[in-house]
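Take a look at the letters that make up each chain.
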Amino acid sequence: MKRFLCPALLALALLNQGCQSPSSPSPARGAAVTGHYPNLFAANGHTDAEVKSKIDAAYAQLFHGDNDNQTVFYLAGTNANGPFGFVTDVANNDVRTEGLSYGMMIAVQLDHKADFDAIWNWARTFMFHSDPAHPSYQYFSWSMKTNGALNDEMVAPDGEEYFIMSLYFAANRWGSGSGIYDYRGMADCLLSNAVHRAVITGQVTTRPSRTAAITAGPIFNPDHKMVRFSPTGADHTDPSYHLPAFYELWAKWGPPGDRDYWKEAAENSRTFFQWTTNPRTGLAPNYANFDGSPEAPAWNKGAADFRFDAWRTAMNWSVDWSWWRKDIHEREFSDRLQAFFAEKGISTYGNQFTLDGQQVAAEHSTGLVAMNAVASLAATNPQRQEFVEALWRTPIPNGHYRYYDGLLYLMGLMHCGGEFRALGPP
């Protein structure tokens, strides 16, 4: 079957004819190498059957539960490619690439192909930009209404990263099809554009009835080889967008000409975690400069603090340690972070802090409980299993704020239960 080849890859193919995949044997013995993924719940005495049942129940509720109070996934008609399905932020009544890409990742990990394809069909149909003159060409609008109407045409790189990784996993798990279901071809194209997309200036609708001239380029900064918060405007990053565990796989499976790039990007992100996490609390900011220092743009002064985005940063470094075992500092980060939250009370800590540990908001949030449990994949402290058990005791989120808490909760269960894996080729 003929593979999909995007314009950027076509140009790269001409430059890279005859290139071989770089190969450098690694002494790493992480889960992605050995195939043995730790089950932190089992270490607490829960059986494999109990763990599977808990994960399955969370998926059933969050993807196929009651429409009004439980699910975040909704089927929404069909087109020539098959059914449509979207994951929605219920509280804000929109569809985000964050939620769609998380939904696809969860679906491929748990082997729900129909749900995966329905979400990908919705994203490609309503969010993808195919106009070469548009600043978001070959990217996805980060936010849309549930009926497919526009909210914001620009790109959020974390969604693009999870799209790419979930598509590679889908290709490995189910095999690539044709058209938009040529998973590997689609992943290759998106990954190539993350680094090589040309700089484009054009008119963009940022809100209904408001347009502006925007210039955008690749979603990875070419000098720092780190992911950007946005390929437009002030150039900084978001620590929770750094996914070195994924970059290691892109260095193995991505377009051959960029494989050394992704090895370097993985190392850069590991070093960046050393720069951006507080040396006492282990907290990371929502936004940061490429040197790790907190960044608070005028429109978001709280971004220099540990807030909702930053919850995920511990998951990223902890999964990287679990899968690859390449930077021992990641264990220190988890120990430091869990010591801070244990001091605040494992069942009572708030959900937003300044980096030096001053509480900004007192709500005890399920999503943060889940991320702190995933930190136990790297932690060495005696309390690490208490954080895992705190997640086990937490009920499946429902109600008005079930979107972000729910998706992090389910991914947390999967990581802690050994059911979130680097799905390789057969």
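Computed from a predicted structure; not experimentally measured.

**Q** Any chance you could explain unusual backbone geometry here in plain terms?
**A** The phi torsion of most residues other than glycine is negative, and most of the peptide bonds are trans. Phi is positive for Gln138, close to 70°, though the residue is something other than glycine. Here Gln138 lies in the loop between helix H6 (113-126) and strand S4 (143-144). The exposure class assigned to Gln138 is buried, which follows from its relative accessible area of 8%. The phi dihedral of Lys225 is positive, around 55°, even though this residue is not glycine. Within the secondary structure layout, Lys225 lies in the loop between strand S8 (220-221) and strand S9 (226-227).

**Q** What should I look at first to understand the pattern of salt bridges in this one?
**A** Enumeration according to the criterion identifies 17 salt bridges in this entry. A salt bridge links Asp235 to Arg228, with the shortest nitrogen-to-oxygen separation between them at 3.0 Å. The class for Asp235 is partly exposed, based on a relative accessible area of 33%. In the salt-bridge network here, residues are joined through shared partners; they are Glu248, Glu267, Arg270, Asp320 and Lys326.

**Q** Any chance you could explain the environment of Pro38 here in plain terms?
**A** Mapped onto the elements, Pro38 comes out in the loop between helix H2 (31-34) and helix H3 (40-43). For the pair Pro38 and Trp323, spaced 285 residues apart in sequence, the C-alpha to C-alpha distance is 9.9 Å. Beyond its immediate sequence surroundings of up to four residues, Pro38 is in contact with Ala31, Ser322, Leu377, His415, Cys416, Gly417 and Gly418.

**Q** Sorry if this is basic, but what is going on with the layout of surface pockets here?
**A** To find leftover empty space, a probe the size of one water molecule is rolled over the atoms. Computed from the structure, the largest pocket encloses a volume of approximately 1300 Å³. Taken together, 46 residues form the lining of the largest pocket, with Arg96, Trp142, Phe229, Tyr287 and Asp309 sitting closest to its centre. For the lining of the largest pocket, the secondary structure elements donating two or more residues are helix H5 (97-109), helix H7 (157-174), strand S6 (200-207), strand S7 (210-216) and helix H15 (402-416). No other element matches H15, which puts four residues into the lining of the largest pocket. In terms of residue class, the lining of the largest pocket is made up of 20 nonpolar, 14 polar and twelve charged.

**Q** Explain the environment of His329 to me, please; I cannot follow it from the model alone.
**A** Checked against the element boundaries, His329 lands in helix H12 (residues 329-344). Sequence separation of His329 and Gly82 is 247 residues, and the distance between their C-alpha atoms is 46 Å. Within the structure, the side chain of His329 is placed 3.4 Å from the side chain of Gln274, a separation counted as a polar contact.

**Q** What is the right way to read the pairing of strand S1 (residues 73-79) from this model?
**A** Across a regular strand the side chains alternate sides, sitting on one face of the sheet and then on the other. Pairing of S1 with strand S2 (residues 82-89) involves five bridges; the strand directions are antiparallel. Bridged to Phe73 within S2 is Val87. Taken together, S1 and the strand that follows it, S2, pair antiparallel across an intervening segment of two residues.

Parameters and conventions
Residues numbered from 1 in each chain as written. Predicted model: local features only at pLDDT ≥ 70, side-chain atom pairs only at ≥ 80, totals over all residues. Heavy atoms only, no water. Helix = DSSP H or I, 4+ residues; strand = E, 2+ residues; numbered from the N terminus. Buried < 20%, exposed > 50% of the residue type's maximum accessible area, 1.4 Å probe, protein only. Salt bridge = Lys/Arg side-chain N within 4 Å of Asp/Glu carboxyl O. Contact = heavy atoms within 4.5 Å. 1 Å grid on protein atoms, 1.4 Å probe; cavity = no way out; pocket = protein on both sides within 12 Å on 5 of 7 lines; lining within 4 Å. Points joined across faces, edges and corners; volume = space filled by probe spheres on them. Nonpolar A, V, L, I, M, F, W, Y, C, P; charged D, E, K, R; others polar. Polar contact = N/O pair within 3.5 Å; in protein donor to acceptor, adjacent residues only side chain to side chain. Pairing = 2+ DSSP bridges.

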